[in-house]
Amino acid sequence: MAGQTVRVINVEERVERVTGLFELHADSVFHVAWRILWSAADAEDVTQTTFVRAFTRLDQLVDSARERPWLLQIAYHGALEVLRRRRDVPTDPAELPDRPTGDDTERIADRRATAVLLHAAIDGLPGNLRLAFVLRDVEGLSTHEVATTLGIGESAAKMRVARAREQLRQALAGALS
C-alpha cells in the first residue's frame, strides 16, 4: 500500500479510507496535539477535527506513503488554531506552553524512574525543539516530513532536532549522575 496513488471517487470510499487512516494514525495525531496543547480534551477535539478535515480534503492526498505526515500537518495546524483561540497562550510555535503541573505529574511519578526522567527532559525542551523532536524521534517522521509538518526548511528541522537531542543528553546526564 505504501507509495501507491490513492484516488477516492465516492462518499463510501472516502468513509472507508478515512476510517482506515483513523485506525492507523489516531494515536499519533492525538499525541502531537497533546504535546502542543497539554490538554487531553483539546487534543481529542483536534484529533476529531483532523479526521473530519481529512475526509473533506482526501483528494489532496495523492501518495498513500505520505498519509501520516499529511495527517500530522493537519493536526499541527488544528492545534495552533486552538492556541490562537486561547487568549492566555502565545500563538508562535516557538513559544508553545510548558507542560502544566498537577494530576499528570503525579501519574508520571508512579512510573519507572527512567521514564519519568525522560518525560521530564522532553517536557523541559522549548516548544519548537520539543515538537520537532517528538515528530522526528517519537513519531518517526523523516526530516523532510518534520520540515513539511512544521512549515520550516529541512536544515531548520535538522537543527531543531539536533538541539533538542543535545539538550536532552545534558538534562539526562545531569539527572543520572
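That block above? That's the structure.
Per chain, residues are indexed from 1 in the order of the written sequence. It should be noted that, the model being predicted, local features are given only for residues of pLDDT at least 70 and side-chain atom pairs only at 80 or more, the latter also being counted only at that level, while totals for whole chains, interfaces and linings use all residues. No hydrogens and no water enter the side-chain calculation; it runs on all heavy atoms of the structure.

A.B. asks: Got a minute to help me understand the overall build of the chain in this structure?
C.D. replies: Secondary structure counts use DSSP, requiring at least four H or I residues in a row for a helix and at least two E residues in a row for a strand, with both numbered from the N terminus. Looking only at helices and strands, the chain has 8 helices and 0 strands in total. Reading the chain from its N end, one meets helices and strands in the order α-α-α-α-α-α-α-α. We call a residue buried when its accessible area falls under 20% of the maximum for its residue type, exposed when it is over 50%, and partly exposed in between, using a 1.4 Å probe and counting protein chains only. Per-residue burial for the chain yields a buried fraction of 40% across its 177 residues. The contact definition used throughout considers only heavy atoms, calling two residues in contact when any of these lie within 4.5 Å. Taking as baseline every contact in the chain between residues at least 6 positions apart, the subset at least 24 positions apart corresponds to 67%. Reported accessibility uses the Shrake-Rupley method at a 1.4 Å probe radius. Residues are deemed covered only where the shown protein chains occlude them. When the accessible surface of the chain is split by element, carbon and sulfur atoms take 51% of a total near 9800 Å².

A.B. asks: It is not clear to me how the packing of aromatic side chains should be interpreted in this structure. Could you clarify?
C.D. replies: The relative placement of two aromatic rings is captured by the distance of their centres and the angle of their planes. Put simply, two rings from Phe, Tyr or Trp (the six-membered ring, in Trp's case) pair if the centres are within 6.5 Å, and we call them stacked under 30 degrees between planes, edge-to-face over 60, tilted for the rest. Applying the stated criterion across every chain, the model contains 2 aromatic pairs. A ring pair is formed by Phe22 and Phe51, whose centres lie 5.0 Å apart and whose planes are at 75 degrees; its orientation type is edge-to-face. A residue pair is termed long-range when its members are at least 10 positions apart, and Phe22 in helix α1 (residues 11-37) and Phe51 in helix α2 (residues 40-56) qualify at 29 residues. The exposure class assigned to Phe22 is partly exposed, which follows from its relative accessible area of 42%.

A.B. asks: Help me understand the packing of α1 against α2, please; the structure alone is not making it clear to me.
C.D. replies: Angle between the axes and distance between the axes are the two parameters that describe a pair of packed helices. Interaxial angle, 0 to 180 degrees, is taken between N-to-C directions of lines fitted to C-alpha atoms, where a helix line uses only the stretch in contact. As a packed pair, α1 and α2 sit with axes 8 Å apart at the nearest point and diverge in direction by 150 degrees. Taken together, the axes of α1 and α2 lie roughly antiparallel to each other. Viewed along their axes, α1 and α2 form a crossing whose handedness is right-handed. Residues of the contact of α1 with α2, tallied by class, amount to 17 nonpolar, 4 polar and 3 charged. Should an angle fall under 35 degrees it is taken as roughly parallel, and over 145 as roughly antiparallel, whereas 65 to 115 is taken as roughly perpendicular and any remaining angle as oblique. The hand of a helix crossing depends on one turn: near helix anticlockwise from the far one by less than a right angle means left-handed, and clockwise means right-handed. Residues are grouped as follows: Ala, Val, Leu, Ile, Met, Phe, Trp, Tyr, Cys and Pro are nonpolar; Asp, Glu, Lys and Arg are charged; all remaining types, including Gly, are polar.

A.B. asks: Where do I start with α2 in this structure?
C.D. replies: It helps to recall that an α-helix has 3.6 residues per turn; residues three or four apart then point in one direction. A rise of 1.5 Å per residue sets the reference length of α2, with its 17 residues, at 24 Å; its end C-alpha atoms lie 24 Å apart and thus fit the reference within 8%. Among the residues of α2, those classed as buried are Ala43, Val46, Thr47, Thr50, Phe51 and Ala54. Burial along α2 is one-sided: seen end-on, the buried residues are contained in an arc of 130 degrees. Among the exposed residues of α2, those oriented more than 90 degrees off its buried face are Gln48 and Thr56. As for α2, its buried residues are in contact with α1 and α3 (67-85). Expected helix span is computed as 1.5 Å times (number of residues minus one). Working definition: the arc comes from the directions between the helix axis and the C-beta atoms, pointing outward to the latter.

A.B. asks: Looking at this structure, how should I read the side chain of Thr50?
C.D. replies: Structurally, Thr50 can be placed in helix α2. In this structure Thr50 touches Val29, Leu71, Ile74 and Ala75, once residues within four positions along its chain are discounted.

A.B. asks: Mind showing me how you'd approach the packing of α1 against helix α6 (residues 127-138) here?
C.D. replies: At their nearest, the axes of α1 and α6 sit 10 Å apart, and the two run at 160 degrees to each other. By the angle between their directions, the pair α1 and α6 is classed as roughly antiparallel. As for how α1 packs across α6, the hand of that crossing is right-handed. Along its contact with α1, which presents His31, Val32, Arg35 and Ile36, the element α6 presents Arg130, Leu131, Val134, Leu135 and Val138.

A.B. asks: Would you take a moment to explain the environment of His31 for this structure?
C.D. replies: Its location among the elements puts His31 in helix α1. The spacing of His31 and Ala43 is 12 residues in sequence and 7.7 Å in space, taken between C-alpha atoms. What His31 contacts, discounting residues up to four positions off in sequence, is Val134, Val138 and Glu139. Polar contacts involving the side chain of His31 include one to the side chain of Glu139, which spans 2.6 Å. Under the rule applied, a polar contact is a pair of N or O atoms within 3.5 Å (in protein, one hydrogen donor and one hydrogen acceptor; residues adjacent in sequence only if both atoms are side-chain atoms).

A.B. asks: What should I look at first to understand the nonpolar core in this one?
C.D. replies: Buried together is how nonpolar side chains tend to be arranged in soluble globular proteins. Only buried residues count toward a nonpolar core, which is a set of Ala, Val, Leu, Ile, Met, Phe, Trp, Tyr and Cys residues joined through side-chain atoms within 4.5 Å. By size, the foremost hydrophobic cluster in this structure holds 35 residues, and its most contacted members are Ile36, Trp70 and Leu135. Contributions of two or more residues to this core are made by α1, α2, α3, α6, α7 (143-150) and α8 (154-176). The element best represented in this core is α3, accounting for 10 residues. For Leu135, the contacting residues outside a window of four places in its chain are Val32, Leu72, Gly140, Leu141, Val146, Thr149 and Leu150.

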